[in-house]
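# A structural walkthrough
Below, each chain spelled out in residue letters.
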Amino acid sequence: MSDYREMWKELGLDLEAHDQLMAVIPQVYGDVYLSQKNRPEGMSYLDFVMSEIHGLRIKELNDLRASGRKVVGTFCLYIPEEIVLAAGAACVGICGGADWGSAEAEKILPRNLCPLIKSFMGFKLTKVCPYFESSDVIVGETTCDGKKKTYEVLGEYANVYVMHTPQTKDESSRRLWLDEVEKFKGKMEELTGKEIDLVALVKGIATVNAKRAALKRLNEARKVDPVPISGKDALLIQQVAFYDDPARFTEMVNKISGELEKRIADGIGVVKKGTPRILVSGCPMAIPNWKLHHLVESAGAVIVAEEACIGHRYFRDMVSESGTEAKEKLSAIADRYMKLDCACFTPNKERLDNILNLVKDYNVDGVIHYSLQFCDPFTVEYVSVEKAVKDAGIPVLKIETDYSMEDAGQLSTRIEAFLETIKESQGVTL
Ligand code: SF4
Ligand code: SF4
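Residues numbered from 1 in each chain as written. Chains lettered and ligands numbered in written order. Predicted model: local features only at pLDDT ≥ 70, side-chain atom pairs only at ≥ 80, totals over all residues.

For the protein, the helix and strand inventory stands at 19 helices and eight strands. In terms of overall dimensions, the protein is globule-like: its C-alpha atoms have a radius of gyration of 21 Å, near the 22 Å expected for 430 residues. Each of the three principal axes of the protein carries a C-alpha extent, and together these read 60 × 50 × 45 Å. Taking all 430 residues of the protein together, the buried fraction comes to 49%. Contacts spanning at least 24 positions in sequence make up 75% of the contacts within the protein whose residues lie at least 6 apart. (Helix = DSSP H or I, 4+ residues; strand = E, 2+ residues; numbered from the N terminus. Rg over C-alpha atoms; globule rule 2.2 N^0.38 Å. Buried ≥ 20, exposed ≤ 12 C-beta atoms within 10 Å, placed from the backbone. Contact = placed C-beta atoms within 7 Å.)

Below, the structure written as C-alpha coordinates:
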(Lines give C-alpha, C1' and ligand atoms only; values in the text may rest on other atoms or scores of the structure.)
(Ligands and ions follow the chains in the order given, each with its own letter.)
Protein backbone atom coordinates (compact mmCIF):
# COMPACT_ATOMS: atom_id res chain seq x y z
CA MET A 1 0.00 0.00 0.00
CA SER A 2 2.90 2.37 0.69
CA ASP A 3 3.54 2.65 -3.09
CA TYR A 4 0.23 4.47 -3.44
CA ARG A 5 0.91 7.31 -1.01
CA GLU A 6 1.89 9.76 -3.72
CA MET A 7 -1.33 8.96 -5.62
CA TRP A 8 -3.47 9.44 -2.49
CA LYS A 9 -1.70 12.73 -1.79
CA GLU A 10 -2.36 13.95 -5.32
CA LEU A 11 -6.02 13.01 -4.92
CA GLY A 12 -6.15 15.29 -1.87
CA LEU A 13 -6.77 12.60 0.75
CA ASP A 14 -6.06 13.36 4.39
CA LEU A 15 -3.17 10.88 4.67
CA GLU A 16 -3.18 10.67 8.45
CA ALA A 17 -6.90 9.93 8.69
CA HIS A 18 -6.62 7.59 5.70
CA ASP A 19 -3.82 5.62 7.40
CA GLN A 20 -6.09 5.11 10.40
CA LEU A 21 -8.90 3.83 8.19
CA MET A 22 -6.53 1.53 6.31
CA ALA A 23 -5.36 0.05 9.59
CA VAL A 24 -8.92 -0.94 10.53
CA ILE A 25 -10.19 -2.59 7.33
CA PRO A 26 -7.67 -5.50 7.10
CA GLN A 27 -8.34 -6.35 10.75
CA VAL A 28 -12.11 -6.46 10.25
CA TYR A 29 -11.76 -8.33 6.94
CA GLY A 30 -9.52 -10.92 8.58
CA ASP A 31 -12.00 -11.49 11.42
CA VAL A 32 -15.10 -11.62 9.24
CA TYR A 33 -13.83 -13.24 6.04
CA LEU A 34 -10.51 -15.00 6.38
CA SER A 35 -11.71 -16.85 9.48
CA GLN A 36 -14.27 -18.77 7.36
CA LYS A 37 -13.61 -22.41 6.56
CA ASN A 38 -13.99 -24.21 3.23
CA ARG A 39 -14.32 -21.05 1.11
CA PRO A 40 -14.40 -21.47 -2.68
CA GLU A 41 -10.90 -21.04 -4.11
CA GLY A 42 -12.19 -18.32 -6.41
CA MET A 43 -12.70 -16.08 -3.39
CA SER A 44 -8.95 -15.44 -3.47
CA TYR A 45 -9.76 -12.90 -6.22
CA LEU A 46 -12.03 -11.04 -3.80
CA ASP A 47 -9.36 -11.23 -1.08
CA PHE A 48 -6.97 -9.63 -3.55
CA VAL A 49 -9.50 -6.93 -4.51
CA MET A 50 -10.04 -6.14 -0.85
CA SER A 51 -6.32 -5.99 -0.11
CA GLU A 52 -6.07 -3.43 -2.93
CA ILE A 53 -9.33 -1.63 -2.20
CA HIS A 54 -7.69 1.81 -2.15
CA GLY A 55 -4.72 0.79 -4.27
CA LEU A 56 -4.83 -0.97 -7.61
CA ARG A 57 -8.41 -0.10 -8.61
CA ILE A 58 -7.81 3.56 -7.76
CA LYS A 59 -4.63 3.47 -9.82
CA GLU A 60 -6.61 2.00 -12.73
CA LEU A 61 -9.19 4.76 -12.43
CA ASN A 62 -6.52 7.42 -12.30
CA ASP A 63 -4.69 5.95 -15.31
CA LEU A 64 -7.99 6.02 -17.13
CA ARG A 65 -8.47 9.68 -16.21
CA ALA A 66 -4.92 10.47 -17.33
CA SER A 67 -5.87 9.04 -20.74
CA GLY A 68 -8.74 11.54 -20.95
CA ARG A 69 -11.61 9.34 -19.77
CA LYS A 70 -13.90 10.19 -16.84
CA VAL A 71 -15.04 8.55 -13.61
CA VAL A 72 -18.66 8.77 -12.45
CA GLY A 73 -19.53 8.14 -8.79
CA THR A 74 -23.03 6.93 -7.89
CA PHE A 75 -25.00 5.96 -4.77
CA CYS A 76 -28.09 4.28 -6.11
CA LEU A 77 -29.31 1.54 -8.44
CA TYR A 78 -31.31 4.07 -10.43
CA ILE A 79 -28.27 5.55 -12.14
CA PRO A 80 -28.02 3.82 -15.53
CA GLU A 81 -24.55 2.30 -15.61
CA GLU A 82 -25.11 1.34 -19.26
CA ILE A 83 -25.10 5.02 -20.26
CA VAL A 84 -22.00 5.80 -18.20
CA LEU A 85 -20.14 2.98 -19.96
CA ALA A 86 -21.51 4.03 -23.35
CA ALA A 87 -19.86 7.41 -22.76
CA GLY A 88 -16.52 5.66 -22.26
CA ALA A 89 -16.49 6.55 -18.54
CA ALA A 90 -16.06 4.26 -15.54
CA CYS A 91 -18.91 3.91 -13.05
CA VAL A 92 -18.11 3.43 -9.36
CA GLY A 93 -20.48 2.96 -6.47
CA ILE A 94 -19.34 5.21 -3.65
CA CYS A 95 -19.30 3.24 -0.43
CA GLY A 96 -21.51 4.40 2.38
CA GLY A 97 -21.19 1.32 4.54
CA ALA A 98 -19.09 2.47 7.51
CA ASP A 99 -19.57 5.10 10.17
CA TRP A 100 -16.14 6.56 9.59
CA GLY A 101 -16.54 10.33 9.46
CA SER A 102 -20.19 10.26 10.54
CA ALA A 103 -19.34 12.51 13.50
CA GLU A 104 -18.09 15.12 11.01
CA ALA A 105 -21.27 14.69 8.96
CA GLU A 106 -23.37 15.27 12.08
CA LYS A 107 -21.77 18.68 12.49
CA ILE A 108 -23.68 19.87 9.45
CA LEU A 109 -26.48 17.34 8.96
CA PRO A 110 -29.21 16.27 11.40
CA ARG A 111 -28.23 13.33 13.60
CA ASN A 112 -31.42 11.45 12.79
CA LEU A 113 -30.46 10.71 9.19
CA CYS A 114 -29.81 7.16 8.04
CA PRO A 115 -26.22 5.93 8.55
CA LEU A 116 -25.70 5.46 4.81
CA ILE A 117 -26.22 9.16 4.14
CA LYS A 118 -24.06 10.23 7.09
CA SER A 119 -21.44 7.76 5.93
CA PHE A 120 -21.02 9.12 2.41
CA MET A 121 -21.10 12.68 3.64
CA GLY A 122 -18.57 11.77 6.35
CA PHE A 123 -16.24 10.13 3.82
CA LYS A 124 -16.33 13.29 1.75
CA LEU A 125 -15.79 15.67 4.67
CA THR A 126 -12.92 13.69 6.17
CA LYS A 127 -11.27 13.13 2.76
CA VAL A 128 -10.55 9.45 3.21
CA CYS A 129 -12.36 7.94 0.21
CA PRO A 130 -10.24 7.77 -2.95
CA TYR A 131 -13.31 6.76 -5.01
CA PHE A 132 -15.02 10.00 -4.04
CA GLU A 133 -11.91 12.01 -4.84
CA SER A 134 -11.39 10.18 -8.16
CA SER A 135 -14.92 10.91 -9.37
CA ASP A 136 -15.31 13.68 -11.93
CA VAL A 137 -19.00 13.89 -11.12
CA ILE A 138 -21.19 12.44 -8.38
CA VAL A 139 -24.62 11.42 -9.64
CA GLY A 140 -27.36 11.51 -7.03
CA GLU A 141 -31.09 10.85 -7.30
CA THR A 142 -34.28 12.02 -5.67
CA THR A 143 -35.25 8.71 -4.08
CA CYS A 144 -35.69 9.30 -0.35
CA ASP A 145 -35.94 12.73 1.27
CA GLY A 146 -32.72 12.35 3.23
CA LYS A 147 -30.61 11.71 0.14
CA LYS A 148 -32.46 14.25 -1.98
CA LYS A 149 -31.73 17.10 0.42
CA THR A 150 -28.22 15.90 1.29
CA TYR A 151 -27.19 16.17 -2.38
CA GLU A 152 -27.88 19.91 -2.12
CA VAL A 153 -25.38 20.07 0.76
CA LEU A 154 -22.92 17.72 -0.96
CA GLY A 155 -23.01 20.07 -3.95
CA GLU A 156 -21.00 22.54 -1.85
CA TYR A 157 -18.15 20.04 -1.69
CA ALA A 158 -18.29 18.11 -4.97
CA ASN A 159 -19.52 18.28 -8.55
CA VAL A 160 -23.02 16.81 -8.15
CA TYR A 161 -25.65 15.99 -10.78
CA VAL A 162 -29.08 14.76 -9.67
CA MET A 163 -31.48 12.49 -11.58
CA HIS A 164 -35.16 12.89 -10.71
CA THR A 165 -36.55 9.46 -10.00
CA PRO A 166 -40.28 8.67 -10.16
CA GLN A 167 -42.28 7.41 -7.19
CA THR A 168 -45.00 5.52 -8.99
CA LYS A 169 -45.09 3.28 -12.05
CA ASP A 170 -47.83 4.80 -14.16
CA GLU A 171 -47.40 6.05 -17.72
CA SER A 172 -46.78 9.69 -16.82
CA SER A 173 -44.02 8.66 -14.36
CA ARG A 174 -42.49 6.50 -17.03
CA ARG A 175 -42.44 9.46 -19.45
CA LEU A 176 -40.79 11.62 -16.80
CA TRP A 177 -38.18 8.94 -16.19
CA LEU A 178 -37.45 8.46 -19.90
CA ASP A 179 -36.91 12.20 -20.09
CA GLU A 180 -34.46 11.99 -17.16
CA VAL A 181 -32.63 9.12 -18.86
CA GLU A 182 -32.30 11.17 -22.05
CA LYS A 183 -31.07 14.18 -20.06
CA PHE A 184 -28.55 11.95 -18.31
CA LYS A 185 -27.25 10.80 -21.70
CA GLY A 186 -26.75 14.48 -22.58
CA LYS A 187 -24.95 15.07 -19.28
CA MET A 188 -22.60 12.15 -19.89
CA GLU A 189 -21.89 13.39 -23.43
CA GLU A 190 -21.09 16.83 -22.06
CA LEU A 191 -18.83 15.37 -19.36
CA THR A 192 -16.86 13.08 -21.65
CA GLY A 193 -17.05 15.03 -24.92
CA LYS A 194 -18.12 11.77 -26.57
CA GLU A 195 -21.32 11.29 -28.50
CA ILE A 196 -23.29 8.31 -27.26
CA ASP A 197 -24.41 6.54 -30.42
CA LEU A 198 -26.18 3.26 -31.09
CA VAL A 199 -22.95 1.22 -31.13
CA ALA A 200 -21.86 2.63 -27.77
CA LEU A 201 -25.27 1.94 -26.22
CA VAL A 202 -25.33 -1.63 -27.55
CA LYS A 203 -21.91 -2.21 -25.99
CA GLY A 204 -22.81 -0.56 -22.67
CA ILE A 205 -26.00 -2.61 -22.39
CA ALA A 206 -24.24 -5.87 -23.30
CA THR A 207 -21.47 -5.26 -20.72
CA VAL A 208 -23.85 -4.57 -17.85
CA ASN A 209 -26.25 -7.36 -18.86
CA ALA A 210 -23.31 -9.79 -18.83
CA LYS A 211 -22.39 -8.63 -15.32
CA ARG A 212 -25.96 -9.06 -14.10
CA ALA A 213 -26.18 -12.50 -15.77
CA ALA A 214 -22.98 -13.59 -13.99
CA LEU A 215 -24.43 -12.53 -10.63
CA LYS A 216 -27.64 -14.34 -11.45
CA ARG A 217 -25.66 -17.52 -12.21
CA LEU A 218 -23.76 -17.17 -8.94
CA ASN A 219 -26.99 -16.78 -7.00
CA GLU A 220 -28.53 -19.83 -8.69
CA ALA A 221 -25.94 -21.90 -6.83
CA ARG A 222 -27.27 -20.58 -3.54
CA LYS A 223 -30.60 -22.33 -4.14
CA VAL A 224 -28.99 -25.68 -3.38
CA ASP A 225 -28.81 -27.40 0.02
CA PRO A 226 -26.05 -27.69 1.21
CA VAL A 227 -25.22 -24.25 -0.10
CA PRO A 228 -21.73 -24.09 -1.70
CA ILE A 229 -20.89 -20.51 -0.68
CA SER A 230 -21.52 -18.52 2.48
CA GLY A 231 -23.84 -15.53 2.52
CA LYS A 232 -20.91 -13.37 3.60
CA ASP A 233 -18.85 -14.32 0.54
CA ALA A 234 -21.82 -13.88 -1.79
CA LEU A 235 -22.51 -10.46 -0.24
CA LEU A 236 -18.91 -9.39 -0.78
CA ILE A 237 -19.04 -10.38 -4.46
CA GLN A 238 -22.24 -8.36 -4.88
CA GLN A 239 -20.66 -5.36 -3.15
CA VAL A 240 -17.55 -5.45 -5.32
CA ALA A 241 -19.81 -5.47 -8.42
CA PHE A 242 -20.23 -1.74 -7.91
CA TYR A 243 -16.64 -0.68 -8.35
CA ASP A 244 -14.60 -3.34 -10.08
CA ASP A 245 -13.87 -3.26 -13.80
CA PRO A 246 -17.08 -4.79 -15.24
CA ALA A 247 -15.53 -7.15 -17.82
CA ARG A 248 -12.91 -8.51 -15.42
CA PHE A 249 -15.48 -8.84 -12.63
CA THR A 250 -17.88 -10.74 -14.90
CA GLU A 251 -15.15 -13.17 -15.88
CA MET A 252 -14.17 -13.78 -12.25
CA VAL A 253 -17.77 -14.26 -11.10
CA ASN A 254 -18.37 -16.77 -13.87
CA LYS A 255 -15.22 -18.59 -12.78
CA ILE A 256 -16.43 -18.73 -9.16
CA SER A 257 -19.87 -19.89 -10.36
CA GLY A 258 -18.19 -22.72 -12.30
CA GLU A 259 -16.46 -23.77 -9.10
CA LEU A 260 -19.74 -23.63 -7.16
CA GLU A 261 -21.48 -25.75 -9.80
CA LYS A 262 -18.71 -28.33 -9.44
CA ARG A 263 -19.14 -28.24 -5.65
CA ILE A 264 -22.86 -28.85 -6.09
CA ALA A 265 -22.19 -31.81 -8.39
CA ASP A 266 -19.83 -33.22 -5.73
CA GLY A 267 -22.28 -32.53 -2.87
CA ILE A 268 -19.91 -30.05 -1.16
CA GLY A 269 -21.37 -27.28 0.96
CA VAL A 270 -19.98 -24.62 3.30
CA VAL A 271 -22.46 -25.69 5.94
CA LYS A 272 -24.15 -29.00 6.54
CA LYS A 273 -27.39 -29.90 4.77
CA GLY A 274 -30.44 -28.71 6.70
CA THR A 275 -28.77 -25.57 8.11
CA PRO A 276 -31.48 -22.87 8.48
CA ARG A 277 -31.68 -20.82 5.29
CA ILE A 278 -32.26 -17.10 5.72
CA LEU A 279 -33.39 -14.42 3.28
CA VAL A 280 -32.25 -10.92 4.22
CA SER A 281 -34.57 -8.23 2.90
CA GLY A 282 -34.36 -4.45 3.12
CA CYS A 283 -31.79 -1.65 2.98
CA PRO A 284 -28.63 -1.89 0.92
CA MET A 285 -25.44 -3.11 2.61
CA ALA A 286 -22.66 -1.07 1.10
CA ILE A 287 -19.09 -2.22 1.56
CA PRO A 288 -17.75 -2.73 4.31
CA ASN A 289 -21.10 -3.36 5.98
CA TRP A 290 -20.93 -7.10 6.78
CA LYS A 291 -22.45 -6.80 10.24
CA LEU A 292 -25.76 -8.66 9.89
CA HIS A 293 -24.40 -11.45 7.68
CA HIS A 294 -21.58 -12.03 10.14
CA LEU A 295 -23.90 -12.18 13.14
CA VAL A 296 -26.41 -14.49 11.42
CA GLU A 297 -23.81 -16.91 10.08
CA SER A 298 -21.90 -16.89 13.38
CA ALA A 299 -25.18 -17.96 15.03
CA GLY A 300 -25.33 -21.12 12.90
CA ALA A 301 -27.60 -20.19 9.97
CA VAL A 302 -26.71 -19.40 6.38
CA ILE A 303 -27.92 -16.47 4.29
CA VAL A 304 -29.01 -17.68 0.85
CA ALA A 305 -30.34 -14.49 -0.74
CA GLU A 306 -30.46 -10.72 -0.35
CA GLU A 307 -33.68 -8.97 -1.38
CA ALA A 308 -31.85 -5.64 -1.56
CA CYS A 309 -29.99 -3.30 -3.86
CA ILE A 310 -26.75 -5.12 -3.07
CA GLY A 311 -28.47 -8.32 -4.11
CA HIS A 312 -31.35 -9.41 -6.32
CA ARG A 313 -32.61 -5.90 -7.09
CA TYR A 314 -29.32 -5.20 -8.88
CA PHE A 315 -29.22 -8.21 -11.19
CA ARG A 316 -32.81 -9.46 -11.48
CA ASP A 317 -33.82 -7.48 -14.56
CA MET A 318 -31.85 -7.03 -17.78
CA VAL A 319 -32.12 -4.28 -20.37
CA SER A 320 -33.80 -5.68 -23.50
CA GLU A 321 -31.24 -6.00 -26.28
CA SER A 322 -33.84 -5.68 -29.05
CA GLY A 323 -34.24 -2.50 -31.09
CA THR A 324 -32.04 -1.03 -33.79
CA GLU A 325 -32.06 2.68 -32.95
CA ALA A 326 -30.41 4.65 -30.15
CA LYS A 327 -33.84 5.96 -29.11
CA GLU A 328 -35.15 2.42 -28.65
CA LYS A 329 -32.11 1.54 -26.56
CA LEU A 330 -32.72 4.49 -24.23
CA SER A 331 -36.34 3.49 -23.95
CA ALA A 332 -35.30 -0.09 -23.06
CA ILE A 333 -32.94 1.29 -20.40
CA ALA A 334 -35.73 3.44 -18.93
CA ASP A 335 -38.08 0.42 -18.89
CA ARG A 336 -35.57 -1.77 -17.07
CA TYR A 337 -35.01 0.81 -14.34
CA MET A 338 -38.77 1.34 -13.93
CA LYS A 339 -38.96 -2.29 -12.78
CA LEU A 340 -36.89 -1.59 -9.64
CA ASP A 341 -38.93 -2.12 -6.50
CA CYS A 342 -37.21 0.21 -4.04
CA ALA A 343 -39.28 1.16 -0.99
CA CYS A 344 -39.20 4.73 -2.31
CA PHE A 345 -41.98 3.64 -4.72
CA THR A 346 -45.62 3.83 -3.77
CA PRO A 347 -47.51 1.57 -4.03
CA ASN A 348 -44.82 -1.11 -4.07
CA LYS A 349 -46.65 -4.42 -4.33
CA GLU A 350 -43.94 -5.81 -6.66
CA ARG A 351 -41.50 -5.90 -3.77
CA LEU A 352 -43.81 -8.12 -1.73
CA ASP A 353 -44.26 -10.46 -4.69
CA ASN A 354 -40.51 -10.56 -5.26
CA ILE A 355 -39.83 -11.37 -1.59
CA LEU A 356 -42.32 -14.25 -1.67
CA ASN A 357 -40.81 -15.56 -4.92
CA LEU A 358 -37.36 -15.57 -3.32
CA VAL A 359 -38.71 -17.37 -0.25
CA LYS A 360 -40.02 -20.11 -2.52
CA ASP A 361 -37.13 -20.29 -5.00
CA TYR A 362 -34.42 -20.36 -2.33
CA ASN A 363 -36.29 -22.66 0.00
CA VAL A 364 -36.06 -20.09 2.79
CA ASP A 365 -36.75 -21.01 6.43
CA GLY A 366 -36.92 -17.46 7.78
CA VAL A 367 -36.79 -13.83 6.64
CA ILE A 368 -34.78 -11.15 8.41
CA HIS A 369 -35.93 -7.66 7.50
CA TYR A 370 -33.03 -5.24 7.76
CA SER A 371 -33.52 -1.50 7.98
CA LEU A 372 -31.01 1.15 8.68
CA GLN A 373 -31.95 3.45 11.54
CA PHE A 374 -34.04 6.44 10.43
CA CYS A 375 -34.75 4.92 7.00
CA ASP A 376 -38.44 5.71 6.70
CA PRO A 377 -39.15 3.99 3.36
CA PHE A 378 -37.92 0.54 4.40
CA THR A 379 -38.89 0.76 8.07
CA VAL A 380 -42.48 1.70 7.26
CA GLU A 381 -42.73 -0.77 4.38
CA TYR A 382 -41.84 -3.50 6.89
CA VAL A 383 -45.50 -3.41 7.99
CA SER A 384 -46.57 -4.86 4.62
CA VAL A 385 -43.55 -7.16 4.35
CA GLU A 386 -44.25 -8.69 7.76
CA LYS A 387 -47.86 -9.39 6.87
CA ALA A 388 -47.04 -10.92 3.49
CA VAL A 389 -44.27 -13.15 4.87
CA LYS A 390 -46.29 -14.26 7.91
CA ASP A 391 -49.30 -14.98 5.73
CA ALA A 392 -47.04 -17.27 3.70
CA GLY A 393 -46.26 -19.16 6.93
CA ILE A 394 -42.63 -18.04 7.16
CA PRO A 395 -41.12 -16.63 10.39
CA VAL A 396 -39.88 -13.05 10.09
CA LEU A 397 -37.58 -10.97 12.29
CA LYS A 398 -37.26 -7.19 12.12
CA ILE A 399 -33.82 -5.69 12.68
CA GLU A 400 -33.23 -1.96 12.76
CA THR A 401 -29.64 -0.96 13.29
CA ASP A 402 -26.73 1.27 12.27
CA TYR A 403 -23.08 0.61 11.44
CA SER A 404 -21.69 0.54 14.98
CA MET A 405 -21.07 -2.77 16.74
CA GLU A 406 -22.54 -1.48 20.00
CA ASP A 407 -25.74 -3.48 19.58
CA ALA A 408 -24.00 -6.63 18.27
CA GLY A 409 -24.56 -8.59 21.50
CA GLN A 410 -28.22 -7.69 21.67
CA LEU A 411 -28.74 -8.49 17.97
CA SER A 412 -27.01 -11.86 18.35
CA THR A 413 -29.37 -12.77 21.19
CA ARG A 414 -32.42 -11.87 19.06
CA ILE A 415 -31.05 -13.75 16.03
CA GLU A 416 -30.31 -16.85 18.12
CA ALA A 417 -33.83 -16.79 19.54
CA PHE A 418 -35.22 -16.45 15.99
CA LEU A 419 -33.17 -19.42 14.78
CA GLU A 420 -34.36 -21.38 17.80
CA THR A 421 -37.96 -20.73 16.70
CA ILE A 422 -37.16 -21.99 13.21
CA LYS A 423 -35.42 -25.04 14.66
CA GLU A 424 -38.37 -25.87 16.91
CA SER A 425 -40.92 -25.47 14.16
CA GLN A 426 -38.95 -27.58 11.70
CA GLY A 427 -36.95 -29.95 13.86
CA VAL A 428 -33.66 -28.59 12.46
CA THR A 429 -30.47 -29.19 14.49
CA LEU A 430 -28.18 -26.14 14.67
S1 SF4 B 1 -32.65 1.33 -1.67
FE2 SF4 B 1 -33.63 2.65 -3.19
S3 SF4 B 1 -32.62 4.61 -2.88
FE4 SF4 B 1 -31.32 3.06 -1.92
S5 SF4 B 1 -29.83 2.43 -3.49
FE6 SF4 B 1 -31.56 1.07 -3.63
S7 SF4 B 1 -32.89 1.95 -5.20
FE8 SF4 B 1 -31.49 3.55 -4.52
S1 SF4 C 1 -31.25 3.44 3.47
FE2 SF4 C 1 -33.27 4.45 3.41
S3 SF4 C 1 -32.97 6.50 4.27
FE4 SF4 C 1 -30.94 5.63 3.78
S5 SF4 C 1 -30.47 6.38 1.73
FE6 SF4 C 1 -31.47 4.41 1.46
S7 SF4 C 1 -33.68 4.79 1.24
FE8 SF4 C 1 -32.68 6.66 2.06
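Once you've had a look at it, read on.
The four strands lie next to each other as β6-β5-β7-β8, forming an open sheet whose pairing is parallel. The open sheet has two edge strands with one neighbour each: β6 (302–307) and β8 (396–401). Going from strand to strand, the sheet's axes swing by 25° on average, the running direction of each strand aside. Where strand β5 (residues 277–282) meets strand β7 (residues 366–372), five bridges bridge the pair, whose relative direction is parallel. Residue pairing for β7: L279 is matched across the bridge by V367. Together, β5, β6 and β7 form the strand contacts of helix α17 (residues 349–361), whose direction differs from that of β6 by roughly 155°. (Pairing = 2+ DSSP bridges. Axes fitted to C-alpha atoms, helices over the stretch in contact; angles between N-to-C directions.)

In terms of domains, the protein is made up of domain 1 (2–210) and domain 2 (211–317 + 343–425). Using only C-alpha atoms to locate each centre, domain 1 and domain 2 end up separated by 22 Å. Facing 40 residues of domain 1, the contacting portion of domain 2 comprises 46 residues. Of all the elements in the fold, those that place two or more residues in the side of domain 1 that touches domain 2 are α2 (15–34), α3 (43–51), α4 (56–66), β2 (90–93), α7 (115–126) and α11 (198–220). (Domains from an automatic or database assignment.)

With that out of the way, let us pick up the site of ligand 2. Neighbouring ligand 2 are C114, L116, I117, T143, C144, G146, K147, C283, L372, C375, P377 and F378. Those elements that provide at least two residues to the shell around ligand 2 are α7, α9 (145–154) and α18 (376–391). Grouping the amino acids of the shell around ligand 2 by side-chain chemistry returns nine nonpolar, two polar and one charged. Counting contributing residues per domain, the shell around ligand 2 is built from domain 1 (2–210) and domain 2 (211–317 + 343–425), each supplying no fewer than three. (Near = placed C-beta within 6 Å. Nonpolar A, V, L, I, M, F, W, Y, C, P; charged D, E, K, R; others polar.)

With that settled, the discussion passes to the nonpolar core. Burial of nonpolar side chains together is a common tendency in soluble globular proteins. With 132 residues, the main nonpolar core has I278, L279, V296 and V304 as its most contacted residues. For this core, the element with the highest residue contribution is α11, accounting for six residues. Here this core spans two domains, since at least three of its residues come from each of domain 1 (2–210) and domain 2 (211–317 + 343–425). The contacts of I278, once residues within four sequence positions are left out, are V296, A301, V302, I303, V304, V364, D365, G366 and I368. (Core = buried A, V, L, I, M, F, W, Y, C linked by C-beta atoms within 7 Å.)

This part takes up the sheet that holds strand β1 (residues 71–74). Taken together, four strands build an open sheet; the order of strands is β2-β1-β3-β4 and the sheet is parallel. Unpaired on one side and paired on the other, β2 and β4 (160–163) mark the two borders of the sheet. When the angles between neighbouring strand axes are averaged without regard to direction, this sheet yields 30°. Here strand β3 (residues 137–141) runs beside β4; their pairing, made up of four bridges, is parallel. Pairing of G140 across the sheet is with V162, part of β4.

Let us now look at the packing of helix α12 (residues 231–240) against helix α14 (residues 291–298). Angle between the axes and distance between the axes: these two values describe a pair of packed helices. Across the interface, α12 lies against α14 with an axial gap of 9 Å and an inter-helix angle of 165°. Overall, the two elements α12 and α14 adopt an arrangement that is roughly antiparallel. Along this stretch, α12 crosses α14, giving a crossing that reads as right-handed. Across the interface between the two elements, G231, K232 and L235 from α12 touch H293, H294 and E297 from α14. Taken together, the residues that form the contact of α12 with α14 break down as one nonpolar, three polar and two charged. (Parallel < 35°, antiparallel > 145°, perpendicular 65-115°, else oblique. Left-handed = near helix turned anticlockwise from the far one by under 90°.)

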